[in-house]
Amino acid sequence: MVMKRTVPGQPDGRMRLNRFLSVAGFASRRKADEMIRDGLVSVNGRVVLDMGHKVDPDADSVFVHGRQITVVRECVYVLLNKPKDAITTMSDERGRRTVMDYVRVKERIYPVGRLDRNTTGVLLLTNDGDLANHLMHPRREFTKAYKATLDRPLSPEHARMLSEGIRLPDGKTRPAEVVMIPGGKNRVVGIVIHEGKNRQIHRMFEVLGYTVEKLDRVAYAGLTYEGVPRGRWRSLTHREVEYLKKLVVQGEQREGGKHRGLRDD
């Protein structure tokens, strides 16, 4: 879907520079702070080092690395049923097919997070940078549901270990929800996780001695590809977009308001 939006900020339309960069989809607010601190951001031709500097999105010219940054006024939200062998990137220097080859909209949108080349299923794409950055934030606990096909049956003991959390080199995972898919002879497993470590599903099973032969993401933050054939896409409904924004706000409330949330534009 396409949604008109106003730029959230102060009553006079001004907003903090780091939030401007986040709303524009250029960087998370944390990354924006780093770029400001490193002197990489200029406003109206002058380098800005003040983290609290405010800009007017309609009047000020903001540049990062010589590239002008602007705020999107029309937001597009897409759900793709990603096919196998599609690269989750805007383009590929080796000429391989990317997810952008499957989605045709006039606006410039980009993937929310990544799926491995051989992983299929739900992938969101948008030009709403603020929402995308919140959905990808490592502290967020948006559920991701997968169907994994293993090289051998999963033992009850290993299912229990997954449900308690697996220790990986980059930290222990949160408890996962694990169910055996009927008819899969315990080789086809449904698993729900609440974080997004790199290649997490593969690595969780590898630690236990299994190889994931197929991986399909069947749901992301409650959104599924039901009714969307592999390699096809659909626009999110207004209700779905509002649902995602509500999840973001609820997540921030759980964190005690450490990060200011999305406003309903």
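What comes next is a walk through the structure. Everything numeric in this text was worked out from a predicted model, so none of it was measured.

Our next topic: the sheet that holds strand S6 (residues 62–64). Strand order across the open sheet formed by 4 strands is S4-S3-S6-S7, with antiparallel pairing between neighbours. Each edge of the open sheet carries a strand with a single partner, namely strand S4 (46–47) and strand S7 (67–69). Direction of pairing for strand S3 (residues 41–43) relative to S4: antiparallel, over a ladder of 2 bridges. Of the residues in S4, the one forming a bridge with Ser42 is Val47.

Counting buried positions over the 7 residues of strand S11 (residues 144–150) gives 6, a clear majority of the element. Examined bridge by bridge, S11 and strand S15 (residues 188–193) share 6 bridges and lie antiparallel to one another. Residue pairing across strands places Ala148 opposite Val189, the latter belonging to S15. Sheet topology note: the S11/strand S16 (residues 212–220) ladder contains 7 bridges and is antiparallel. Of the residues in S16, the one forming a bridge with Tyr146 is Arg217.

Procedures and definitions
Residues numbered from 1 in each chain as written. Predicted model: local features only at pLDDT ≥ 70, side-chain atom pairs only at ≥ 80, totals over all residues. Heavy atoms only, no water. Pairing = 2+ DSSP bridges. Helix = DSSP H or I, 4+ residues; strand = E, 2+ residues; numbered from the N terminus. Buried < 20%, exposed > 50% of the residue type's maximum accessible area, 1.4 Å probe, protein only.

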